[in-house]
Amino acid sequence: MLRIPRLGLVVPVAQGIDKRAVLDKGYAGQYPGTAQPGEQGNFALAGHRNTHGEPFRYINRLRAGTSSSSTCGGGGTRTWWGRSWARRPSGTPG
């Protein structure tokens, strides 16, 4: 589960970024090969902004220092503070 209080967001996180199996169901999808919550490294997510539950509709409201938390299947919670929020350039596959 991903929680971003600044956005009032609570959304399930699924493994993978397949459009039909994950993103179109309203989940946030974790990019393969990125760190799990609690592990060192980058934790990268994908999700819709304008359709299918719109989990990232207000992602543009995030600011450096925004706190978030993610809970993985084992119940561990990791809280982090973003230093930057990137968006994929338009025309990039995904």
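Note that this is a predicted model, so its numbers are computed, not measured.

Trainee: Help me get a handle on the sheet that holds strand S5 (residues 45-46), residues and values and all.
Mentor: Taken in spatial order, the 3 strands make up an open sheet running S3-S4-S5, and their pairing is mixed. Only two strands of the sheet have a single partner each, and these edge strands are strand S3 (13-15) and S5. Direction of pairing for S3 relative to strand S4 (residues 28-30): parallel, over a ladder of 3 bridges. Each bridged residue has a counterpart across the sheet, and for valine 13 the counterpart in S4 is alanine 28.

Trainee: Could you give me a rundown of the nonpolar core, with the residues and numbers involved?
Mentor: Counting 8 residues, the largest nonpolar core is built from Leu2, Ile4, Leu7, Leu9, Val11, Ala28, Phe56 and Leu62. Those elements that place two or more of their residues in this core are strand S1 (2-4) and strand S2 (9-11). Excluding its chain neighbours within four sequence positions, the residues that come into contact with isoleucine 4 are Leu9, Leu62, Thr66, Ser67 and Ser68.

Trainee: Would you mind going over the side chain of histidine 48 in detail, with residue names and values included?
Mentor: Take histidine 48: it is sitting in the loop between S5 and strand S6 (67-71). Beyond its immediate stretch of four places on either side in the chain, histidine 48 contacts Leu23, Asp24, Glu54, Pro55, Phe56 and Arg57.

Trainee: Residue-level account of the confidence of the model for the protein, with values.
Mentor: On average, residues of the protein score 77 in pLDDT, and 74% of them are at 70 or above. Taken element by element, the protein is modelled with least confidence in strand S7 (residues 77-81), mean pLDDT 54, and with most confidence in S4, mean pLDDT 93. Across residues 85-94, where pLDDT falls below 50, the model places 10 contacts with residues more than four positions away in sequence or in other chains.

The rules we used
- Within any chain, residue numbers begin from 1 and follow the written order of that chain's sequence.
- Residues qualify for local features only when their pLDDT is at least 70, as the model is predicted, and side-chain atom pairs are given and counted only at 80 or more; totals for whole chains, interfaces and linings, by contrast, use all residues.
- Computation of side-chain values covers all heavy atoms of the structure but excludes hydrogens and water.
- Each pair of strands is called paired provided DSSP finds at least two bridges between the two strands.
- The helix and strand labels rest on DSSP assignments: H or I over at least four residues marks a helix, E over at least two residues marks a strand, and numbering proceeds from the N terminus.
- Definition of nonpolar core: a set of buried residues of the types Ala, Val, Leu, Ile, Met, Phe, Trp, Tyr and Cys, connected through side-chain atoms within 4.5 Å.
- Burial status follows relative accessibility: with a 1.4 Å probe on protein chains alone, a residue under 20% of its type maximum counts as buried, one over 50% as exposed, and anything between as partly exposed.
- Whether two residues are in contact is decided by their heavy atoms: any pair within 4.5 Å suffices.
- The pLDDT value tells you how sure the predictor is about a given residue, anywhere from 0 up to 100.

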